[in-house]
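# Breakdown of the fold
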Amino acid sequence: DARVTQTPRDKVTEMGQEVTMRCQPILGHNTVFWYRQTMMQGLELLAYFRNRAPLDDSGMPKDRFSAEMPDATLATLKIQPSEPRDSAVYFCASGLVLHRQGVYGYTFGSGTRLTVV
Amino acid sequence: AQTVTQSQPEMSVQEAETVTLSCTYDTSESDYYLFWYKQPPSRQMILVIRQEAYKQQNATENRFSVNFQKAAKSFSLKISDSQLGDAAMYFCAYGTSGSRLTFGEGTQLTVNP
């Protein structure tokens, strides 16, 4: 089965350090999402891309977070500097969205559990 | 803004029995998609079932089926012949073509042997 690959699976870092999370979407998928999951806020959208172009990053704190897709096989989410409140599970998801044909479902990666101490 | 509400934070069911998880949503769109995702303790988000709003027929996938009531904006998930492996957090989600998925708060399902 095709899968979305996220690395690292777990990351512990000290406050103030830079964190980079990586995602390899499923080949052929044209839409990539970054979600953050916490107990308090549930699943929140941080950013998403269509054909590598950012469509919406309004859920992302701009001063410290950045999301990019340098190519179709890689999406990155960076936090600089990291803070304890950034501790969460970060999910990447990809899907194929076709004009007038809709959405067939999004496949999620296993997530990166980030702990900032 | 679209919202998704799951009013049951926790549910439990006996193995081999049937359970229904509730979900309601609010939207002004006429064309949209609804999903149920399962998140077991491994934290992997797994797509369980998908429904297109323009289809009147309820979606089914083996032991999983939905009751989609478009006018009432209701989208419940029925799990038949529950198995221990069905124990997980279940999320209802809403999306339009090409837009973000909006998730509900989740329902924690326990399956008792």
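This text gives an overview of the structure that appears in the document. The shown structure was predicted, so the numbers you read here are calculated from the model rather than taken from an experiment. (Residues numbered from 1 in each chain as written. Chains lettered and ligands numbered in written order. Predicted model: local features only at pLDDT ≥ 70, side-chain atom pairs only at ≥ 80, totals over all residues. Heavy atoms only, no water.)

## Examining the packing of aromatic side chains
All names here are of chain B. Evaluated as defined, the whole model comprises 16 aromatic pairs over all chains. For the ring pair Phe 35 and Tyr 37, a centre distance of 6.2 Å and an interplane angle of 40° mean the geometry is tilted. Each of the two residues, Phe 35 as well as Tyr 37, counts as buried. Aromatic side chains Phe 91 and Phe 103 sit 6.3 Å apart centroid to centroid with 90° between the ring planes, which places their arrangement in the edge-to-face category. (Phe/Tyr/Trp six-rings, centres within 6.5 Å; stacked < 30°, edge-to-face > 60°. Buried < 20%, exposed > 50% of the residue type's maximum accessible area, 1.4 Å probe, protein only.)

## Focus on the interface of chain B and chain A
Taken residue by residue, the interface counts 18 residues in chain B and 27 residues in chain A. Regarding the contact of chain B and chain A, the summed buried area is about 1,800 Å², with carbon and sulfur atoms giving 49% of it. Taken together, chain B and chain A are joined by two salt bridges. Asp 56 of chain A is the partner of Arg 100 of chain B in a salt bridge, and the nearest nitrogen-oxygen pair spans 2.5 Å. In this assembly, chain B and chain A are joined by eleven residue pairs in polar contact (both at pLDDT 80 or more). If you list the elements that add at least two residues to the side of chain B that touches chain A, you get β5 (33-39), β6 (46-52) and β11 (101-103) of chain B. Of all the elements, β5 of chain B adds the most residues to the side of chain B that touches chain A, at four residues. The class makeup of the residues in the side of chain B that touches chain A is eight nonpolar, seven polar and three charged. (Contact = heavy atoms within 4.5 Å. Buried area = accessible area lost by both parts, 1.4 Å probe. Salt bridge = Lys/Arg side-chain N within 4 Å of Asp/Glu carboxyl O. Polar contact = N/O pair within 3.5 Å; in protein donor to acceptor, adjacent residues only side chain to side chain. Helix = DSSP H or I, 4+ residues; strand = E, 2+ residues; numbered from the N terminus. Nonpolar A, V, L, I, M, F, W, Y, C, P; charged D, E, K, R; others polar.)

## Some thoughts on unusual backbone geometry
Residue and element names in this part refer to chain A. Following Thr 7, the chain continues to Pro 8 via a peptide bond in cis, the omega torsion being -10°. When you line up the elements, Pro 8 lands in the loop between β1 (5-7) and β2 (10-13). Cis rather than trans, the peptide bond between Gln 80 and Pro 81 has omega equal to -5°. Mapped onto the fold, Pro 81 is located in the loop between β8 (74-79) and β9 (88-95).

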